[in-house]
Amino acid sequence: MTDNIPLQPVRQKKRMDSRPRAGCGEWLRCCGGGEPRPRTVWLGHPEKRDQRYPRNVINNQKYNLFTFLPGVLFNQFKYFFNLYFLLLACSQFVPEMRLGALYTYWVPLGFVLAVTIIREAVEEIRCYMRDKEVNSQVYSRLTARGTVKVKSSSIQVGDLIIVEKNQRVPADMIFLRTSEKNGSCFLRTDQLDGETDWKLRLPVACTQRLPTAADLLQIRSHVYAEEPNIDIHNFVGTFTREDSDPPVSESLSIENALWAGTVSASGTVVGVVLYTGRELRSVMNTSNPRSKIGLFDLEVNCLTKILFAALVVVSLVMVALQHFAGRWYLQIIRFLLLFSNIIPISLRVNLDMGKIVYSWVIRRDSKIPGTVVRSSTIPEQLGRISYLLTDKTGTLTQNEMVFKRLHLGTVAYGLDSMDEVQSHIFSIYTQQPQDPPAQKGSAPTTKVRRTMSSRVHEAVKAIALCHNVTPVYESNGVTDQAEAEKQYEDSCRVYQASSPDEVALVQWTDSVGLALVGRDQSSMQLRTPGDQILNFTILQLFPFTYESKRMGIIVRDESTGEITFYMKGADVVMAGVVQYNDWLEEECGNMAREGLRVLVVAKKSLAEEQYQDFEARYVQAKLSVHDRSLKVATVIESLEMEMELLCLTGVEDQLQADVRPTLETLRNAGIKVWMLTGDKLETATCTAKNAHLVTRNQDIHIFRLVTNRGEAHLELNAFRRKHDCALVISGDSLEVCLKYYEYEFMELACQCPAVVCCRCAPTQKAQIVRLLQERTGRLTCAVGDGGNDVSMIQESDCGVGVEGKEGKQASLAADFSITQFRHLGRLLMVHGRNSYKRSAALSQFVIHRSLCISAMQAVLGLDLMGCCGDSLGSDTRLSFPPCFTSLPSPSIKDSSSSGTQPSIPCFPCFLWFWTKTLSRKWPCCTPSSTKTCSRDGHCLTRRS
């Protein structure tokens, strides 16, 4: 294989499946919605609308009252196995074809259909109750008559809705007002994008300045919004107030948007509704629910066709032995009915009963408590998984950031030495300003200790100031909220930020003695160990962006008047900003190998004249019309030179219990693990290393950001040269690659031992699952815990939801629900393998039993040549299975598999071995490699 192979563009081919796909056009064209269009929404006047908008109703049901029975019956009889028995039972209404009593055919078929209909009805009722609970939530709406209580389903486009703290946003809205003093609010978006970071949102400046919320109805204003789309990270709109002179217009962006499904984390907010119902961003990013049919059931359906062909051959042979005498065509039909036991309807009954038993065993397993089986039709799928696609936040991790390391170059402080940092901070703020001269030169160790104290103090001070964290004070039942904020009460203080890393850093500075106690848009207050309040004025703030990979802040110390520029960021960008040193690169690599998220902290002192010159150039760059972002970045970069390196910080996102051994066991069983997350690239890479998703001896290829076909071509050729390396790619680059080189990218990605996709939208997760199914033909399992994982879970062959801090939305939409990620190993390795093996043995036994009955029927038919009636009699054929062969069926369902259950996790190749062995008997998904198991339980792979 050459290095530069010309890549062929993707040919768009017509899809052969009939499953609905989530998309803006599909959602809006249904029910006469038409194509999506931009809109003008008047504040508080829903009657002034230029088009029809859908109702604000959430509906996750597969059927309605009229389509339930036809839909369930169609899904059952579209398979040959069930259609065959329906035609067989209907043929008994014809007198010339009747071989026995009608109940002998209709009772088994009715039992199977009744079980299926009841199961689907229960699931639909549960889904209806969940939707009803969401649609019935009550909100406050501002009207000319005052505040009115309305249900979520009654909210219309143009309504002014009040959302209280910790309340779910009912529709996509524009943020108009807040009760917070700092004029902003935080949102929890974990159910939308999977990130537990709180997002900062800003209201429209024109409406925030109004005296009261009721004044929103007194002004003449409207919002021009773009057409509905699935992009949850961007928004384009304009706010216009027409009754002012001159009219005021403000541009709107994602910072002013409140998407449905998010939760207000601070204060009360007021917003105007823009999108409702099927036009919501969260709804567009959710695929339609579908009925999942297990691969085992499809194989049984295929085997039924083979048995039917054998049935036709046997019938023709029997008629041929009679020399096609008389009405031979009628005899063929009667022989087809006579030997119909070759395809046993008891197979379906036994398999359905077996699935119920398997589900009961899973729920009763004491080693995986809290496991719920929500789809009892596909337990065999668990034992045949080839690709496991997992979320990161809340699934592999605990959503808890812990400060682990402070590195100053010559000395490092870990968790066991934080008391030394605390003592250094205490000595700086408690020592007397006037030291005796003799003490100053009494011993060299004192000078070294004082120098180290100063370095530690500068590092901690920089960490306590360089961030975007806001302390919020809440009432604890004893202290009033206003009093707590006034006195900076520690027990009532909660830190809010858009990044959990920053919260962990500020909490650490609080623990060592320098606490952030107050902040607004222009000032910040720190409290020292001696209860002294340090006041700082925020002159400029440069927030973190994905492109810059750093953030900065310029503050003025009110006590000294000193102006300092602090900055922190990733080592790859900070290495060219700080002064020369010989330890930064080495120590960053050491901390990254430990799975820590590393930040480099630096500072630069500015003179008053230097800052005034920078401010003038910065304001001028912000007023530019053309290339504004480039000019602003150039001005900021003029300060980012020769900065003093202060320290390195290491923060760890705590993994859930036993994540590493679980992933190792799954890999040894031949299952490839892909991590799909909406988090940043650096965070995803660190978590993959920490969880040992990427082993220590594996290289990592970070797919650079590509924006067009040519860049994607070059990067794919560069990736093709790599061998046995993990792939890390962002959602934007993934979208470009799948647009132009879908086949080539999936071929290369499937060869990787592990793949990490960061900044993935919910629809991209579902798309990756679908492409894996189409390109490889293997079974996929998706694991997640947030609302952004629902599409991926529903698209996969087997969806598993984890009940975590992000709620139960993923758990309720999944086929199986677990409480911890480590339970997934036993669910797949033990229960999945046993269910698959038992179902295969049970189906073989039932078919063998039916063949014995048909063989006896054929022998008697040959003995009574010329008589094509029921040789055994209907009573004999009915009594033989239950009376003589019924006991082995439950014994097979409940029998323990070969190899004790404790040995399966130790020797995970048992799972791969039985999958391969049974695949020979059920030809599908034939593995492309050979594996053996060593004595220590590890897999040895040998490519064929």
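The structure presented is a predicted model; accordingly, all values stated were derived computationally and were not measured. (Residues numbered from 1 in each chain as written. Predicted model: local features only at pLDDT ≥ 70, side-chain atom pairs only at ≥ 80, totals over all residues. Heavy atoms only, no water.)

> Got a sec to walk through the confidence of the model for the protein? Specific residues and values, please.
Residues at a pLDDT of 70 or more form 81% of the protein, whose mean pLDDT is 79. When the criterion is pLDDT under 50, residues 1-33 qualifies, and its contacts beyond four places in sequence or with other chains add up to 66 contacts. Every residue in residues 895-900 is under pLDDT 50, and counting partners more than four places away or in other chains gives 9 contacts. (pLDDT = per-residue confidence, 0-100. Contact = heavy atoms within 4.5 Å.)

> Which residues make up the packing of aromatic side chains, and what values do they have?
Applying the stated criterion to the full structure yields 17 aromatic pairs. Aromatic side chains Tyr-63 and Phe-68 sit 5.8 Å apart centroid to centroid with 85 degrees between the ring planes, which places their arrangement in the edge-to-face category. Neither Tyr-63 nor Phe-68 differs from the other in exposure class; each is buried. Here the aromatic rings of Tyr-84 and Phe-308 are separated by 5.8 Å at their centres, their planes lie at 70 degrees, and the arrangement is edge-to-face. With Tyr-84 in helix 3 (residues 80-91) and Phe-308 in helix 8 (residues 295-321), this pair connects stretches of sequence that are 224 residues apart. Using a relative accessible area of 30% as the deciding quantity, one classes Phe-308 as partly exposed. Ring-pair connections join several aromatic residues into one group, and the members of that group are Phe-80, Phe-81, Tyr-84, Phe-85 and Phe-308. (Phe/Tyr/Trp six-rings, centres within 6.5 Å; stacked < 30°, edge-to-face > 60°. Buried < 20%, exposed > 50% of the residue type's maximum accessible area, 1.4 Å probe, protein only. Helix = DSSP H or I, 4+ residues; strand = E, 2+ residues; numbered from the N terminus.)

> Provide a residue-level description of empty space enclosed by the protein, including the pertinent values.
Going through the model one piece at a time under the given rule, you end up with 7 cavities of 30 Å³ or more. Of the volumes computed, that of the second largest cavity is approximately 50 Å³. Forming the walls of the second largest cavity are Tyr-358, Val-361, Ile-362, Val-830, His-831, Asn-834, Ser-835 and Arg-838. Elements with a contribution of two residues or more to the lining of the second largest cavity: helix 10 (345-363) and helix 28 (823-863). No other element matches the 5 residues that helix 28 contributes to the lining of the second largest cavity. Of the residues assigned to the lining of the second largest cavity, the class counts are 4 nonpolar, 3 polar and 1 charged. (1 Å grid on protein atoms, 1.4 Å probe; cavity = no way out; pocket = protein on both sides within 12 Å on 5 of 7 lines; lining within 4 Å. Points joined across faces, edges and corners; volume = space filled by probe spheres on them. Nonpolar A, V, L, I, M, F, W, Y, C, P; charged D, E, K, R; others polar.)

> Quick one: what's the story with the sheet that holds strand 6 (residues 185-188), residue by residue and with numbers?
Taken in spatial order, the 3 strands of this open sheet run 7-6-12, and their pairing is antiparallel. With partners counted over all chains shown, the strands left at the sheet margins are strand 7 (198-201) and strand 12 (263-264), one partner each. Here strand 6 runs beside strand 12; their pairing, made up of 2 bridges, is antiparallel. From the neighbouring strand, Leu-187 faces strand 12, where its bridge partner is Ser-264. (Pairing = 2+ DSSP bridges.)

> Explain unusual backbone geometry to me, and be specific about the residues and the numbers.
The general pattern is negative phi for most residues beyond glycine and trans for most peptide bonds. In this structure, Asp-658 takes a positive phi of about 60 degrees despite not being glycine. As for its placement among the helices and strands, Asp-658 is situated in the loop between strand 26 (644-655) and helix 20 (659-668). Of note in this structure, Asp-724 is not a glycine but carries a positive phi near 55 degrees. In this fold, Asp-724 is placed in the loop between helix 22 (709-720) and strand 29 (725-730). The class of Asp-724 is exposed, set by a relative accessible area of 56%.

> So what's going on with the nonpolar core? Which residues, and what values?
Counting 45 residues, the largest nonpolar core has Ile-174 and Leu-176 as the members making the most contacts within it. Mapped by element, the contributors of at least two residues to this core are strand 2 (138-143), strand 4 (160-163), strand 5 (172-178), strand 6, strand 8 (221-225), strand 11 (257-258) and strand 13 (269-275). The biggest single contributor to this core is strand 13, with 6 residues. Look past the residues within four positions of Ile-174 in its chain and what remains in contact with it is Val-204, Val-223, Phe-235, Leu-252, Asn-256, Ala-257, Val-270, Gly-271, Val-272 and Leu-274. In terms of nonpolar packing, the next biggest core, distinct from the first, is built from 42 residues, Ala-459, Val-460, Val-512 and Ile-553 among them. (Core = buried A, V, L, I, M, F, W, Y, C linked by side-chain atoms within 4.5 Å.)

> Give me the side chain of Thr-564: which residues, what numbers.
By the secondary structure assignment, Thr-564 is in strand 24 (residues 563-569). Among all residues touching Thr-564, those that are not within four sequence positions of it are Ile-553, Ile-554, Val-555, Lys-603 and Lys-604.

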